[in-house]
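One-letter residues, chain by chain:
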Amino acid sequence: MERTPHVPCGATVTLLGTGAVVGAGLMLLAIVLGLVPGLGPQRQGAPAAPPAVATAAIPVGPPVVENLYVREIPLPLDSDTATPDVLLTVQRSVDGRTTYTLAYLQGDSRTVRWESQPLSERSYERRIAVGPQHIYLADGTRLLALARRDGARAWERTLSDTILNVCRDCLQLVGGSLIALTQDGVLQAFDASGGRPAWSVRLNETPRQLVALGDAVGVLDYATPGGGGATLLLFTPDGRRLRPADSACPGRNPEYFQRPGIYDRLYPDVRGEAVYLVVDGSEGCVIRVGPGGAADWTTPTASTALESWSDGELLMTPEALFAGEDHALVSLDARTGALRQVVQSDDYELTPLAARDGVLVVEAIRTRGSRRAELWGVDIAGGQRRWGHVLLGQDRFVSDMDGGDWAGQLVPGGFALIQAPQGAEQLQIDILRLTDGAPLASATLPRENSASWEGVAWTDRVAWVTFDRTYVVDLASATLRYAWP
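Structural notes, computed from the coordinates. (Residues numbered from 1 in each chain as written. Predicted model: local features only at pLDDT ≥ 70, side-chain atom pairs only at ≥ 80, totals over all residues. Heavy atoms only, no water.)

1. Concerning the overall build of the protein chain
- Check the secondary structure of the protein chain and you find zero helices and 39 strands.
- Evaluated residue by residue, the protein chain yields a buried proportion of 54% over its 485 residues.
- In the protein chain, once contacts between residues fewer than 6 apart in sequence are set aside, the share between residues at least 24 apart is 48%.
- When the accessible surface of the protein chain is summed, it comes to about 20,300 Å², and 48% of that surface belongs to carbon and sulfur atoms. (Helix = DSSP H or I, 4+ residues; strand = E, 2+ residues; numbered from the N terminus. Buried < 20%, exposed > 50% of the residue type's maximum accessible area, 1.4 Å probe, protein only. Contact = heavy atoms within 4.5 Å. Areas by Shrake-Rupley, 256 points an atom, 1.4 Å probe, with all protein chains shown as cover.)

2. Brief notes about the pairing of strand S16 (residues 216–222)
- Counting buried residues in S16 gives seven out of seven residues, a clear majority hidden from the surface.
- Where burial is concerned, the two faces of S16 agree: the one with Ala216, Gly218, Leu220 and Tyr222 and the one with Val217, Val219 and Asp221 are both buried.
- Examined bridge by bridge, strand S15 (residues 211–213) and S16 share three bridges and lie antiparallel to one another. Along S16, the bridge assignment pairs Leu213 with Ala216.
- Hairpin remark: S15 followed by S16, antiparallel, with two residues in the connecting loop; positive phi at Gly214, about 60 degrees.
- Sheet analysis places S16 next to strand S17 (residues 230–235), joined by six bridges and oriented antiparallel. Residue pairing across strands places Gly218 opposite Leu234, the latter belonging to S17. (Pairing = 2+ DSSP bridges.)

3. Some thoughts on the side chain of Asp269
- Within the fold, Asp269 resides in the loop between strand S20 (266–268) and strand S21 (275–279).
- Notably, Asp269 is buried but unbridged: the nearest opposite-charge side chain belongs to Arg288, and the N-O separation is 4.0 Å.
- Among the polar contacts made by the side chain of Asp269, one reaches the main-chain amide nitrogen of Gly272 at a distance of 2.7 Å.
- Among all residues touching Asp269, those that are not within four sequence positions of it are Ala274, Tyr276, Arg288 and Met316. (Lys, Arg positive; Asp, Glu negative; His and termini not counted. Salt bridge = Lys/Arg side-chain N within 4 Å of Asp/Glu carboxyl O. Polar contact = N/O pair within 3.5 Å; in protein donor to acceptor, adjacent residues only side chain to side chain.)

4. Here's the deal with the state of the cysteines
- Summed over all chains, the structure comprises two disulfides.
- Disulfide pairing places Cys167 opposite Cys170 at an S-S distance of 1.9 Å. Between Cys167 and Cys170, the S-S torsion sits near -60 degrees, and that sign places the bridge as left-handed.
- On the basis of relative accessibility, which here comes to 6%, the residue Cys167 falls in the buried class.
- We classify Cys170 as buried; its relative accessible area is 1%. (Disulfide = S-S within 2.5 Å.)

5. Some words on the environment of Arg148
- Within the secondary structure, Arg148 sits in the loop between strand S9 (142–147) and strand S10 (153–158).
- What makes Arg148 buried here is its relative accessible area of 7%.
- Put simply, Arg148 and Trp114 are 34 residues apart on the chain and 9.0 Å apart in space, counted from C-alpha to C-alpha.

6. Points about the side chain of His134
- Tracing the sequence through the fold places His134 in strand S8 (residues 134–139).
- With relative accessibility at 13%, the residue His134 sits in the buried group.
- Apart from the residues within four sequence positions on either side, His134 is in contact with Ala129, Ala145, Leu146, Ala147, Arg148, Ala154, Ala192 and Ser193.

Set out below in structure tokens:
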């Protein structure tokens, strides 16, 4: 097998001796390859996995544009590399036929290590999970494990249904199991190394999220089909069902308990040691659930900014939780659940973005007068605004579904800000100091005026920003490492 040559910007690439060529104008989906817990015990007596199948050559034609879905994944497995490896979804047309593939790009050498066989055209049904040895791909009802080394198919199984496109983290590695939650309400587990079916559970409803809690996996479900409030159910990686988690808010009437809705969002803490439930309403509360399902604490939210809080954004740190509702920001102590108001502003809607060294970075949208988006640095202890930074655009980039003009991320040097407002011919990059908001590094990069912002992915050292091509930005110096292809 020949080695793939270096990829200069605007060139073409021959893939691993297959003869396939990638066009220079391809739009890319950058997903940072991440650390995943090691594989655990395997269930015995299940059918053997099929033999590995090498990836096949793919016909090539003129590139076309694809709307991209970009998600953050933790730090790369090869953390000593200067630029982490990434996965790319590639869309191309050949004689009027569109094909989609998954490609592995080595970040330092900018070479394609491998490219998969064609995937289904329903890109919204694809989900990816990354392990130390394999990349797991749910493509429609197909569930595949591809070797990280060369993309060879290690095993393939069939899911009972597709994974709903709005289902959060519904393909996950937990211990030695790969667990999927499909849109027919079935929770299915497979041995991650060999693909052997381990167990499955048919739920009473179809929830919209799968969470890991310690060594267990959790979902919201009704106690009976079509029931009232939902309960957090926990399952061990081998399929054993634990007792239902404490997931109800005690009301003023001892016989009344308010439970979360079936589609409410769950918030795993940063260490994976707890899950937070935010139940809004006049009898609502915030519940911290520990690994065994018992509530570490329950904090009522009546007459607070969280009383009418519904699927907003919750920022979690090891010390506290921060939530914004309309014109106020509140925090809850992660250890005790004590709730206090951090800051309030009648003229701004406030959303917490990041926190470190006593400073909370806040998105502040001005609601009095003309609309304007700002970044604030707020003192967590005292609530004073230390600094403000007016943004070039108004809408924050969250995903390809809603787009946006800017995105930000906490990095070792401060807070990285990338701005690409509609119609601008340049990409603005700033690294802001947390203490006073001063720019530690700034740069602008030219881009095509007509190219829309398709995605962004982060580590604490590098950002991938995709327009007509992917720009790899160094987050220490605010400089361009390279653009690909």
